[in-house]
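Structure at a glance
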Amino acid sequence: MHEILAQEGYTSVSVDEAPVRELFPGGRHRPLWTGPSGAHADLLEMDAGASWPHRDVHEPGPEEVYVVAGTFHDSARAYPARTFLHAPAGTWHVPSTDTGCTLFLFYPEG
């Protein structure tokens, strides 16, 4: 049904084809999708021992995190693969990983 793919806004991207940029030592960001209102979906790959260099404050809206692989740590608790986290607007954490991890991130409000 080729008309499915012809629908406005219907899109897909291979992670391997998404542009990659280093956000911090051992942390790579891959943008996957950005909507017209600024909402966006991204992939964050963190090497073993990597840590975000400061507090990650969720503004202007919430952050949704799904741990795809490895173990993610928010500086309070470790979250294994297949864990979902919701961080409301205004909250913060300091992302890190001992093992390395891959995170799917969604920002519904940009």
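Preceding this paragraph is the structure being described.
Residues numbered from 1 in each chain as written. Predicted model: local features only at pLDDT ≥ 70, side-chain atom pairs only at ≥ 80, totals over all residues. Heavy atoms only, no water.

For the coordinates displayed, the defined rule picks out three salt bridges. For arginine 28, the salt bridge is made with aspartate 47, and the minimal N-O distance between the two is 2.9 Å. Of this pair, arginine 28 sits in strand β2 (residues 27–34) while aspartate 47 sits in the loop between β3 (40–46) and β4 (56–57); the two residues are 19 residues apart in sequence, bridging distant segments of the chain. For arginine 28, a relative accessible area of 27% puts it in the partly exposed group. Relative accessible area serves as the criterion here: at 35%, aspartate 47 is assigned to the partly exposed category. Across the salt bridge formed by glutamate 45 and arginine 30, the nearest N and O atoms sit 3.0 Å from each other. (Salt bridge = Lys/Arg side-chain N within 4 Å of Asp/Glu carboxyl O. Helix = DSSP H or I, 4+ residues; strand = E, 2+ residues; numbered from the N terminus. Buried < 20%, exposed > 50% of the residue type's maximum accessible area, 1.4 Å probe, protein only.)

Per the stated rule, a full pass over the model turns up three aromatic pairs. Here the aromatic rings of tryptophan 33 and phenylalanine 106 are separated by 6.5 Å at their centres, their planes lie at 25 degrees, and the arrangement is stacked. With tryptophan 33 in strand β2 and phenylalanine 106 in strand β9 (residues 101–107), this residue pair connects regions lying 73 residues apart in the sequence. We classify tryptophan 33 as partly exposed; its relative accessible area is 32%. (Phe/Tyr/Trp six-rings, centres within 6.5 Å; stacked < 30°, edge-to-face > 60°.)

Let us now look at the layout of surface pockets. In this structure, the largest pocket spans a volume of roughly 280 Å³. Taken together, 21 residues make up the lining of the largest pocket; nearest its centre are Trp52, Asp56, Glu63, Leu105 and Tyr107. Going through the elements one at a time, β3, β4, β5 (63–73) and β9 are the ones with two or more residues in the lining of the largest pocket. Considered class by class, the residues forming the lining of the largest pocket number eleven nonpolar, six polar and four charged. (1 Å grid on protein atoms, 1.4 Å probe; cavity = no way out; pocket = protein on both sides within 12 Å on 5 of 7 lines; lining within 4 Å. Points joined across faces, edges and corners; volume = space filled by probe spheres on them. Nonpolar A, V, L, I, M, F, W, Y, C, P; charged D, E, K, R; others polar.)

All right, on to the pairing of strand β7 (residues 84–87) then. Residues Leu85 and Ala87 of β7 are buried on one face, while the alternating residues Phe84 and His86, pointing to the opposite face, are not. Two elements, β5 and β7, share four bridges in a ladder whose sense is antiparallel. Its bridge partner lying in β7, glutamate 63 is registered against alanine 87. (Pairing = 2+ DSSP bridges.)

Moving on, we get to unusual backbone geometry. Here the bond from glutamate 59 into proline 60 is cis, since omega is 5 degrees, no more than 30 degrees from zero. Notably, serine 75 is not glycine yet its phi reads approximately 80 degrees, a positive angle. Turning to its location among the elements, serine 75 is positioned in the loop between β5 and β6 (78–80). Note on serine 75: relative accessible area 48%, which makes it partly exposed. With phi around 80 degrees, arginine 82 is a residue other than glycine that occupies positive phi space.

Looking at chain direction, strand β1 (residues 21–24) and β2 are connected through three bridges and run antiparallel. By the bridge assignment, glutamate 22 is partnered in β2 with arginine 28. Connecting β1 to the antiparallel partner β2 that follows it, the hairpin turn spans two residues, and glycine 26 within it adopts a positive phi of roughly 85 degrees. Examined bridge by bridge, β2 and β3 share seven bridges and lie antiparallel to one another.

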